[in-house]
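Structure assessment
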Amino acid sequence: MFSVEWSFQGFVSLPCNADFCNRLARVFSRADLDCNPILSIEMTNPIITHPLRSHASWTFVTLLLSFAPALSFSQARNKPTAPETLKKLTLEQLMDIEVTSVSKRPQHLAEVASAIQVISRKDIIQSGAKTLAEALRLASNLQVAQVNSSQWAISARGFDNVLANKLLVLIDGRTVYTPLYAGVFWDVQNLILEDVDRIEVISGPGGTLWGANAVNGVINIITKSSKETKGLYAEAATGTSLPGLGSVRYGGQLAKNLSYRVYGTGFRMGHTVDSNAVKVNDDWSMLQGGLRLDWEASDKDVVSLQQNFQLQAYYDHTFRDFRNNFTEDLKTFDIEWQQSYEHGHGNQLNYGLNLRMMDHKVTNLLLFQFLPERKKLYLYSLFLQEEVALVPDRLHLTLGSKIEHNSYTGFEFQPNGRLSWTPAKSQTLWMSVSRAVRTPARIDRDFFLLLTPELPFIGGSESVKSETVIAYELGWRSLPREDLSLSLSTFYNTYDHIRSAEPGPEPFFIPITFANGVKGKTYGFELAATYQITPSWNLRGGYTFLKKDLKVKPESRDINAGSAESNDPQNQFVVQSSVEVLKWLELGTLIRYVDRLPKPAVPSYTRLDLRIAFKLGKSFELNVVGQNLLDKQHYEFIPSSPAPRQIERSIYGKLICRL
Amino acid sequence: MQVIMSILSRLIQRLPRTVWNGRYWLTVLFVLSTISGNAQNPSLEYQLKAVFLFNFTQFVDWPAESFPNNKSPLVIGVIGENPFGKYLEQAVSGETKNGHPVVVQYYRDEEAAKFCHMLFINLPESDKRKQVIEKIKEEPVLTVSDASDFSIQGGLVRFVTRKNKIKLQINLEACKELGLVPSSKLLKLADIIEPGKTN
């Protein structure tokens, strides 16, 4: 039932060299764990430059070693495994292979008891998306709005904002949020989209499995192993909103079990326009290089067996220079252990431990400060979950909780109860009650905006508590036919302790401090469908309805009357059509309707993106992509600052070479 | 449902005209979408199931009289839509069971299916499945399917996907009645079920 959540790659990141790996491999073989460690080293080093008002930054991700043997199998699912390989396995081994985490086959999706949408690599490519954030527009259960050339507001089940903080984002199992405001800097989350395997978007709380910040949803971005990205990939693009983009990736095999890919990518994203449709200087560019090594200890072929334990660890270092002397330096160390234990008939106990240390350091400005400048945030958690087959293959009950300790609020409990009923193979009905928390970020506790060095205007507060949600969900998934899948997820969420900004004492009402003065509820539903009309024509789409009712608590005098944290459309829908018209011609269409945003008001809009791809011989491809074709320009989101920007109609062409 | 429809219709009314003016390209898409596409590779699930079917030929013994002679093939039949592509044929090519070459045949109707040794029934409709089982229930044919009510219907082996893994259920009594002898190794790993009871 929770296969999705367990689909993570396991990573161990260690200061590692070949000798160390060998030693480690020996340790594991001696321990007779029948384990197939995969070492992944990934390093990226993006440099961003915004000409006018922003920043340069670089990220460094390093050394990942994984024990996720089941994974290599699911990743290889597009290419069939040679029958000889499978035939070598014993019956026990055959029965131990996971069919995939969330298979593309809708049968399995039908059994997943949560509001999940999977965006495949194909969907991304056929949408013509230029960046990761644009690719997220394909998920109808996400609120995605472009704020200006580099900034995005992305959330699930509402509370969308430039500083949205209720969504957890993982890239290959690595958390990418900043403890500055518990959100994501979307501009640096850059990938060569060709190498993305899939994006899983889960709306609804995931705190029991993922911990704090998975309040309203989880985005899980999974890239391909370097084993699957061999050869040369090169792309070059230019267009009206994309002055230039070029990427080169090369992947190969260094030794029998050691594969790699190196890549370099760079682009200049075009400007947006202001309210008078006059262009503004927010165009920006990025240069990024990366390396990934995957090493498998075992001689086994792609077939490897699913283990009942996973160990994952990573180290991540991000440095961001905001170009106004404010900088952020973040080092994350994370280690996680998960184990599952099957007992009785179809019952399973899952448990895990997680330790994370975030060493967060800023350089303050005179009037813009986080105090203390450097703070080490410790997080440790225990997670326990029991899955009971009340009626085998029919009725499953899952009960679990995460118990997490963080540096700001101490212990937090995030329990979940989930019942799933599969009356027929093609249908699953599920319901769930869960509690999740958004623990305070540095902005809530440690932030000070000053009028003079002695006079604070806005100040964080020691008394800020965790925001909480109790979510009630009821969902239904069905596969009336092989080529058709339908899902409906409904939710009713009650929130408490949402952030408010309280005025200070009279007469000047400063400093304004943060508190937990807002509560309320949201409810709505998400309807999604995929339909394979013909083998070469795929249609997917979804409709999301969201209603919010937030109130300022009696003891609060929130200066924004409860509206600051969110600005969400009530209705939105997405339809994507991908057709392989001829062997050399593909047509992709993406329509996205977004209802008006209440405050600050943004009118409703409909986006139409079109992509035409011509295959030129075996290795070349020409893409022509038109984005936002229905409007000359429109607003998608108006932030409190900086000034609002409109997104223009645009077109670009891209030449691709795969060798 | 009415609520949803009214919301949807309101939404559609609120769509800008341009979308409807753009209707022509949708039509273009419809017209252009020629039904083509290569035979798709089977999913991992069916790759595994194909290998399971092959394994059954090795772990089940058929009565000698089900083979006309020493060289006659052991036939794996597939009825209904073929989910394996060419994979099953690849898996059994060159394989034998006690000297009988293993071959694959695809059937349209249950009449011909009488003469195979193992039959994978991939018919979504329960009554059609029942019809096939009824037709061959006297023959020593190892019937295999994914269908959840397969055992109740009298089927012999069922693939069950549990925790994303493929497990087996075997109706041992019925196998024995037909003279089919699953090896102890297979039985050890499968759930043995009794006809008429749930599962």
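Residues numbered from 1 in each chain as written. Chains lettered and ligands numbered in written order. Predicted model: local features only at pLDDT ≥ 70, side-chain atom pairs only at ≥ 80, totals over all residues.

1. Observations regarding the overall build of chain A
Under the convention used in this document: Here a helix means four or more residues in a row that DSSP labels H or I, a strand means two or more in a row labelled E, and each is numbered from the N terminus. With C-beta atoms placed from the backbone, a residue is buried if 20 or more other C-beta atoms are within 10 Å of its own, exposed if 12 or fewer are, and partly exposed between those counts. Distance between backbone-placed C-beta atoms decides contact: two residues are in contact if it is within 7 Å.
Counting its regular elements, chain A contains nine helices and 36 strands. Counting the 659 residues in chain A, one finds 52% classified as buried. If you take every contact in chain A between residues at least 6 apart in sequence, the share linking residues at least 24 apart comes to 64%.

2. Side note on the overall build of chain B
From N to C terminus, chain B includes nine helices and 10 strands. A total of 199 residues make up chain B; the buried ones form 34% of that total.

3. Some remarks on the sheet that holds strand β10 (residues 196–203) of chain A
Residue and element names in this part refer to chain A. Note the threshold: Strand pairing is assigned whenever DSSP identifies at least 2 bridges connecting the two strands.
Read across the open sheet, the five strands follow the order β5-β10-β11-β8-β9; overall the sheet is mixed. The open sheet has two free edges, formed respectively by β5 (115–120) and β9 (174–175), since each of these has just one partner strand. Where strand β8 (residues 167–171) meets β9, two bridges bridge the pair, whose relative direction is antiparallel. Residue pairing across strands places Leu 170 opposite Thr 175, the latter belonging to β9.

4. Comments concerning the sheet that holds strand β5 (residues 118–122) of chain B
Residues and elements named next belong to chain B. Pairing is mixed across the open sheet formed by eight strands, whose spatial order is β3-β4-β2-β5-β6-β7-β8-β10. One side of each edge strand has no neighbouring strand; the edge strands of this open sheet are β3 (96–97) and β10 (191–192). Two strands pair when backbone bridges link them, and strand β2 (residues 74–80) and strand β4 (residues 100–107) are joined in this way by six bridges, in the parallel orientation. Looking at β4, one finds that Val 75 is bridged to Val 103.

5. Quick notes on helix α7 (residues 126–136) of chain B
Residues and elements named next belong to chain B. The condition that has to hold: Directions drawn from the helix axis to the C-beta atoms are what define this arc.
Listed in full, the buried residues belonging to α7 are Arg 129, Val 132, Ile 133 and Ile 136. For α7, the arc enclosing every buried residue in end-on projection is 95 degrees, short of the 170-degree limit, so these residues lie on one face. In α7, the exposed positions that point more than 90 degrees away from the buried face belong to Asp 127 and Glu 134. Looking at the buried residues of α7, the elements they touch are β2, α6 (110–113), β5 and β6 (142–145).

6. Focus on the nonpolar core
When a protein is soluble and globular, its nonpolar side chains tend to lie buried together. Put simply, the rule reads: A set of buried residues qualifies as a nonpolar core if it consists of Ala, Val, Leu, Ile, Met, Phe, Trp, Tyr and Cys joined through C-beta atoms within 7 Å.
In this structure, Ala 135, Leu 136 and Ile 154 of chain A are the most contacted members of the largest nonpolar core, which totals 81 residues. Filtering out sequence-adjacent residues up to four positions away, Leu 136 of chain A remains in contact with Leu 142, Val 144, Ile 154 and Ile 219 of chain A. In terms of nonpolar packing, the next biggest core, distinct from the first, is built from 49 residues, Leu 44, Val 92, Ile 136 and Ala 190 of chain B among them.

7. Section: unusual backbone geometry
Excluding glycine, residues mostly carry a negative phi; peptide bonds, for their part, are mostly trans. Residues and elements named next belong to chain A. Glu 506 connects to Pro 507 through a cis peptide bond whose omega is 5 degrees. Looking at the secondary structure, you find Pro 507 in the loop between β27 (484–502) and β28 (512–534). Positive phi outside glycine occurs at Ala 182, with the angle close to 60 degrees. Look at Phe 509: it is not a glycine, yet its phi comes out positive at around 60 degrees. Position of Phe 509 among the secondary structure elements: in the loop between β27 and β28. Under the C-beta neighbour-count criterion, Phe 509 is labelled exposed, with 12 such atoms within 10 Å.

8. Concerning the pairing of strand β18 (residues 347–363) of chain A
All names here are of chain A. Strand direction decides the pairing type here: strand β17 (residues 327–343) and β18, joined by 17 bridges, are antiparallel. When the sheet's bridge partners are listed, Ile 335 is paired in β18 with Leu 355. Bridge count for β18 against strand β20 (residues 374–391) is 14 bridges, and the pairing is antiparallel. If you follow Asn 354 over to β20, its bridge partner there is Ser 381.

9. Details of the confidence of the model for chain B
Residues and elements named next belong to chain B. Counted only if it meets this: Within a predicted model, pLDDT stands for the predictor's per-residue confidence, ranging from 0 to 100.
When pLDDT is averaged along chain B, the result is 77; 76% of the residues meet or exceed 70. The spread of mean pLDDT over the elements of chain B runs between helix α3 (residues 23–32), the lowest at 41, and β6, the highest at 93. Contacts of residues 15–40 to residues separated by more than four positions or lying in other chains number 29 contacts, the stretch itself having pLDDT below 50. Prediction confidence for the complex, expressed as pTM and ipTM, is 0.71 and 0.70 respectively.

10. Re the environment of Phe 54 of chain B
Tracing the backbone through its elements, the reader meets Phe 54 of chain B in helix α4 (residues 44–59). Owing to 23 C-beta atoms within 10 Å, Phe 54 of chain B belongs among the buried residues under this scheme. A sequence separation of 98 residues divides Phe 54 of chain B from Ile 152 of chain B, and the C-alpha atoms of the two residues are 24 Å apart. Leave out the neighbours within four places in its chain, and Phe 54 of chain B touches Lys 87 of chain A together with Ala 91, Val 92 and Glu 95 of chain B.

11. A few points about the environment of Leu 450 of chain A
One can find Leu 450 of chain A in strand β24 (residues 447–452). Along the sequence, Leu 450 of chain A and Lys 87 of chain A sit 363 residues apart, while their C-alpha atoms lie 70 Å from each other.

12. Structural notes on the pairing of β2 of chain B
Residues and elements named next belong to chain B. Taking burial as the measure, the seven residues of β2 include six buried ones, the bulk of the element. Bridge analysis of β2 against β5 gives five bridges, and the strand direction is parallel. Counterpart to Gly 80 in the pairing with β5 is Asn 122.

13. Observations regarding the environment of Met 358 of chain A
Residues and elements named next belong to chain A. When you line up the elements, Met 358 lands in strand β18. By C-beta crowding, Met 358 is classed as buried, having 21 other C-beta atoms within 10 Å. Sequence spacing of Met 358 and Leu 330 is 28 residues, and the spatial spacing of their C-alpha atoms is 6.8 Å. Look past the residues within four positions of Met 358 in its chain and what remains in contact with it is Pro 179, Leu 330, Thr 332 and Leu 377.

14. Notes on the confidence of the model for chain A
Looking at chain A as a whole, the pLDDT averages 81, with 83% of positions reaching at least 70. Contacts of residues 100–111 of chain A to residues separated by more than four positions or lying in other chains number 40 contacts, the stretch itself having pLDDT below 50.

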